[in-house]
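Tertiary structure, described
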Amino acid sequence: MKMVRWAVFASIIAGVGVAMAGTTIYSGSEKVNTLVIDASRGTSTIEPEIYGHFAEHLGRCVYEGFWVGEDSAIPNVRGIRTDVVEALKKLNIPVLRWPGGCFADEYHWKDGIGPRDKRPKMVNTHWGMVTETNAFGTHEFLDLCEMLGCEAYIAGNVGSGTVEELQDWIEYMTFDGDSEMANLRRTNGREKPWKIKYVGVGNENWGCGGNMTPEYYSDVYKRYATYVRNYPGSRITRVACGPNGEDMKWAESIMKNIGTRMDAYGQHYYVRGLGSWDQGKKGSATNFDEREWFALMKNTLHVDNLIRENKKIMDRYDPRGRVDLYIDEYGTWWDEEPGTKGGFLYQQNTLRDAVSAAIYLNTFNNHSDRVKMCNIAQINNVLQAMILTDKEKMLLTPTYHVFELFKVHQGAALLVSELACNGYQSGNDTLPSLNVSASKNKAGVIHITLANLDPTVPAELTCELKGVTAKSVRGRVLTDEKMNAHNTFEKPDAVKPAEFKAFELKDGTLHATLPSKSVVLLTIE
Ligand code: AHR
């Protein structure tokens, strides 16, 4: 059988003994896709933080999405809406990044503490020039994290804030002793410090966070990070601003100049279809054809190349792997929904976004030797959201359902998988039609997550598991007849996972038929 390596982009995905999915595309006529998983040994741990989220003071993400205020008719606990928190708890959210994004570098945290009616107002210059009331500040955010049971990832203000301001914030949140900041926290109602696990030293400092060069940012990083102190009992992971998309010069420079003085850096990578990044030209979230679908799949698969490029640089400067790679902003970015406020980045979310999310998450799992945290943008009402709200109404997006299906990988050991699949073709371009990752949890249960990228052709799959004898298999699937299937406030359950039954376990080998444009979870015991 003649096979070709997938070489759509500069690098090739090939199983080479490290923790990655090896993918080969068949040439010629269609064949049965084959997947071989070595279940005898796990490789890297899939850190739960790979399934992280991001909330910014942008549009209706925080206000309306989380914060409705204590006096709202919408059921809430201390001002935070209950329906959203309850839905998000089902995702086992490991970490939440806040308060931005671009907003972070103009946020002054002292405006967001103390009695709410006395908090100063500011203009949110990045996002719609709306008035920010500061009603949702440090205490409200950390209360939310406690409700969700997740770690906090604070993005510090480096672009327009001072070193002293950042140092004070850390002392305010994490110092247990007698100090001005710790006592101010107590005055505001919180006796004990919070545990802050992650602090970002700025956000997109190559752009909205100060338009810096990587060399200049490296010095600025070192200065600010010095004062992100570990008070007794606290251990903060310091995160530097990483590159935008392809800008590997930024990665190279910060690895050279900051190196192991940072614990991690955060790459950002947003995707769209054939549109441009211009306002109003990114393409519609719901109204698209198959060429647009294909382009999104191709652009999403490209994250694999970006991670490889980052890894090459990181391996050169940090062969012992002390600096982690985060993808702390990613996801689909479409034109704002017609009729919604400009600058609020509100978009619908279809099955296409769901398949893209599955590719992202499989890729992160497969690179979990270096990729330790990822934060999809954003959690509510902005970009590739989990949840959309309309006053008291709320719906779960297809992307939410992917996160719910994939949560089984959190904390599990990555298994090496080798996939040989048919190509998915458009013009002269060919992509692998399937995308996969697999893991084994502490109880020995194996989970395989697959995406069928082809929107018209179902995939016959034979899956061989090496090193275990499968006794039982269960499956769940997310799919629909239409590429643009999505949930609305009128039909909030139009797209949701169903039981997957199109498989058979025969002599230890699994035979399955994956519907076109689908995401499938297989659980094997
Ligand atoms: O997620 C929206 C914006 O995208 C963030 O504020 C910024 O960091 C990025 O450019």
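Remember, predicted model here, so these are calculated numbers, not experimental data.

Some remarks on helix α6 (residues 248-257)
Those residues of α6 that fall on the buried side of the exposure criterion are M248, W250, A251, S253, I254 and M255. Along its buried surface, α6 packs onto α5 (214-226), β12 (237-244), β13 (264-271) and α8 (303-317).

Brief notes about the side chain of R370
Tracing the backbone shows R370 in the loop between α9 (351-366) and β15 (371-377). Residue R370 is classed as buried on the basis of its relative accessible area, which comes to 5%.

Some thoughts on the site of the ligand
Around the ligand sit 13 residues in total, of which E56, C102, E204, Y270 and E329 are the nearest. The contact in question runs from an oxygen atom of the ligand to an N or O atom on the side chain of E204, over 2.7 Å. Within the side chain of E329, one N or O atom sits 2.8 Å away from an oxygen atom of the ligand. Computed on the free molecule, the ligand has an accessible area of 280 Å², of which 94% lies beneath the protein chains in the complex. The cavity where the ligand resides is the largest pocket. Residues of the shell around the ligand, tallied by class, amount to 7 nonpolar, 3 polar and 3 charged.

Concerning the packing of α8 against α9
At a closest axis distance of 10 Å, the pairing of α8 and α9 adopts a crossing angle of 25°. The angle between α8 and α9 falls in the class roughly parallel. When the axes of α8 and α9 are compared, the crossing they make is right-handed. On the side of α8, the interface is formed by V303, D304 and I307, while α9 contributes Y360, T363 and F364.

Some details on the packing of helix α1 (residues 82-89) against helix α2 (residues 138-148)
In contact at an axis separation of 9 Å, α1 and α2 are set at 50° when each is read in the N-to-C sense. When the axis of α1 is compared with that of α2, the two are oblique. Residue-level contacts link V85, L88 and K89 of α1 to L144, M147 and L148 of α2. Looking at side-chain class alone, the contact of α1 with α2 contains 5 nonpolar, no polar and 1 charged residues.

Observations regarding the confidence of the model for the protein
When the pLDDT values of the protein are averaged, the result is 94; 96% of them are 70 or greater. Predicted confidence in the protein is weakest over strand β1 (residues 3-5), with a mean pLDDT of 45, and strongest over helix α10 (residues 398-406), with 99. Under a pLDDT of 50 for its full length, residues 1-20 has, in the predicted model, 58 contacts with residues more than four places off or in other chains.

Brief notes about the pattern of salt bridges
According to the stated counting rule, one finds 27 salt bridges in the structure shown. One salt bridge connects E404 with K407, and the closest N-O pair in it is separated by 3.6 Å. We note a salt bridge from R476 to E404, for which the minimum N-O separation is 2.9 Å. Separated by 72 residues along the polypeptide, R476 in strand β24 (residues 473-478) and E404 in helix α10 bring together distant segments of the chain. Via salt bridges that share partners, E70, R116, R119 and E140 belong to a single interconnected network.

Conventions we followed
Residues numbered from 1 in each chain as written. Predicted model: local features only at pLDDT ≥ 70, side-chain atom pairs only at ≥ 80, totals over all residues. Heavy atoms only, no water. Buried < 20%, exposed > 50% of the residue type's maximum accessible area, 1.4 Å probe, protein only. Helix = DSSP H or I, 4+ residues; strand = E, 2+ residues; numbered from the N terminus. Contact = heavy atoms within 4.5 Å. Near = heavy atom within 4 Å. Polar contact = N/O pair within 3.5 Å; in protein donor to acceptor, adjacent residues only side chain to side chain. Areas by Shrake-Rupley, 256 points an atom, 1.4 Å probe, with all protein chains shown as cover. 1 Å grid on protein atoms, 1.4 Å probe; cavity = no way out; pocket = protein on both sides within 12 Å on 5 of 7 lines; lining within 4 Å. Sits in = over half its atoms within 2 Å of the grid points. Nonpolar A, V, L, I, M, F, W, Y, C, P; charged D, E, K, R; others polar. Axes fitted to C-alpha atoms, helices over the stretch in contact; angles between N-to-C directions. Parallel < 35°, antiparallel > 145°, perpendicular 65-115°, else oblique. Left-handed = near helix turned anticlockwise from the far one by under 90°. pLDDT = per-residue confidence, 0-100. Salt bridge = Lys/Arg side-chain N within 4 Å of Asp/Glu carboxyl O.

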